[in-house]
Amino acid sequence: LGQLRTAGGRDARVLQAKLQKFDKAYGAAIELASSKRADGAIKLLLQARGLESKIAAGRSVYASQISQRLADMYYVRGMDQLYSSQLPEAYQSFREALKSFSGHDKAERRIADLEQKAEQIVAEGESLRNRDAAAAKDRFRTAMQMVAPGRPIYARAKQQLDALR
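Residues numbered from 1 in each chain as written. Predicted model: local features only at pLDDT ≥ 70, side-chain atom pairs only at ≥ 80, totals over all residues. Heavy atoms only, no water.

A. Layout of the packing of helix 5 (residues 87–100) against helix 6 (residues 105–128). Close contact between helix 5 and helix 6 brings their axes to 9 Å; oriented N to C, the two are set at 150°. Between helix 5 and helix 6, the angle falls in the class roughly antiparallel. As helix 5 packs across helix 6, the resulting crossing turns out to be left-handed. Only Ala 107, Glu 108, Arg 110, Ile 111, Leu 114, Lys 117 and Ile 121 of helix 6 make contact with helix 5, whose side of the interface consists of Leu 87, Ala 90, Tyr 91, Phe 94, Arg 95, Ala 97 and Leu 98. Here the residues of the contact of helix 5 with helix 6 are counted per class, giving 10 nonpolar, no polar and four charged. (Axes fitted to C-alpha atoms, helices over the stretch in contact; angles between N-to-C directions. Helix = DSSP H or I, 4+ residues; strand = E, 2+ residues; numbered from the N terminus. Parallel < 35°, antiparallel > 145°, perpendicular 65-115°, else oblique. Left-handed = near helix turned anticlockwise from the far one by under 90°. Contact = heavy atoms within 4.5 Å. Nonpolar A, V, L, I, M, F, W, Y, C, P; charged D, E, K, R; others polar.)

B. Main features of the packing of aromatic side chains. Enumeration over the complete set of coordinates arrives at four aromatic pairs. On the basis of an interplanar angle of 10° and a centroid distance of 5.5 Å, the ring pair of Phe 22 and Tyr 26 is categorised as stacked. Separated by four residues within a single helix, Phe 22 and Tyr 26 lie in helix 2 (residues 10–34), roughly one turn from each other. Residue class for Phe 22 comes out buried when judged on its relative accessible area of 7%. Look at Tyr 26 and you get buried, because its relative accessible area is 10%. Each ring, one from Tyr 75 and one from Phe 94, has its centre 5.6 Å from the other, and the planes form 40°; the classification is tilted. Here the residue Tyr 75 occupies a position in helix 4 (residues 61–83), and Phe 94 occupies one in helix 5, the gap between them amounting to 19 residues. Within the aromatic cluster, the residues linked to one another by ring pairs are Phe 22, Tyr 26 and Tyr 62. (Phe/Tyr/Trp six-rings, centres within 6.5 Å; stacked < 30°, edge-to-face > 60°. Buried < 20%, exposed > 50% of the residue type's maximum accessible area, 1.4 Å probe, protein only.)

C. Main features of the side chain of Ser 100. Structurally, the position occupied by Ser 100 is in helix 5. On the accessibility criterion, Ser 100 (12% relative accessible area) is buried. Discounting residues that sit within four places of it in the chain, Ser 100 has contacts with Ser 67, Leu 70, Ala 71 and Tyr 74.

D. Inspection of the packing of helix 4 against helix 5 at higher detail. Closest axis-to-axis distance for the helix 4/helix 5 pair is 8 Å, and the angle between their directions is 170°. As summarised for this structure, helix 4 and helix 5 are arranged roughly antiparallel, according to the angle between their axes. Each of Ser 67, Leu 70, Ala 71, Tyr 74, Tyr 75, Arg 77, Gly 78, Met 79, Gln 81 and Leu 82 in helix 4 lies in contact with helix 5, whose residues at this interface are Leu 87, Glu 89, Ala 90, Ser 93, Phe 94, Glu 96, Ala 97 and Ser 100.

E. Geometry of the nonpolar core. Core analysis: the largest hydrophobic core is formed by 47 residues, its most contacted members being Leu 45, Met 73, Phe 94, Leu 114 and Phe 140. Mapped onto this core, the elements with two or more residues apiece are helix 2, helix 3 (38–56), helix 4, helix 5, helix 6, helix 7 (133–144) and helix 8 (152–163). Each residue touching Leu 45, except ones within four places of it in the same chain, is listed here: Tyr 26, Ala 29, Ile 66, Arg 69, Leu 70 and Met 73. (Core = buried A, V, L, I, M, F, W, Y, C linked by side-chain atoms within 4.5 Å.)

F. Quick look at the pattern of salt bridges. For the coordinates displayed, the defined rule picks out seven salt bridges. Its salt-bridge partner being Glu 124, residue Arg 139 comes within 3.0 Å of it at the nearest N-O pair. In this pair, Arg 139 sits in helix 7 while Glu 124 sits in helix 6, placing the two residues 15 residues apart along the sequence. In this structure, Glu 126 and Arg 156 form a salt bridge, with 3.0 Å as the shortest nitrogen-oxygen distance. With Glu 126 in helix 6 and Arg 156 in helix 8, this pair connects stretches of sequence that are 30 residues apart. Residue Glu 126 is classed as partly exposed on the basis of its relative accessible area of 30%. You can call Arg 156 partly exposed: its relative accessible area is 31%. (Salt bridge = Lys/Arg side-chain N within 4 Å of Asp/Glu carboxyl O.)

Pasting the structure below:
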């Protein structure tokens, strides 16, 4: 920042302002992330990623750090949702973790766990099918929100749901 202050000119001031915004957002995000406050950290990390992209087009040393921390915070959010039995929401958070950082092993494992849970939920729906169609439909819809559309359990849940319509 010191060189920018002496460089003068409008472009330097604009860049300096962007760097200050980035520094503020990234610093606050790191603070929130270290205390596992996922929602706030995610918001600020997304802001920092946008600013970094405008400043360095995703090529700075911060780009990969932001992606990794963003994935970690989506994972933390997913775990909170998992513990609160918000299974479809947890799945979405783990998917976001993988979108942010494709090698996030913990998120991959949790998605695999959720797929197994979706199989159990579909089995529950199948057992409820003749006694309580509404509850069965609910189970099938929930399972479909917990796995990718291309997965076999998704197709099974969809087939069962379609049969009840």
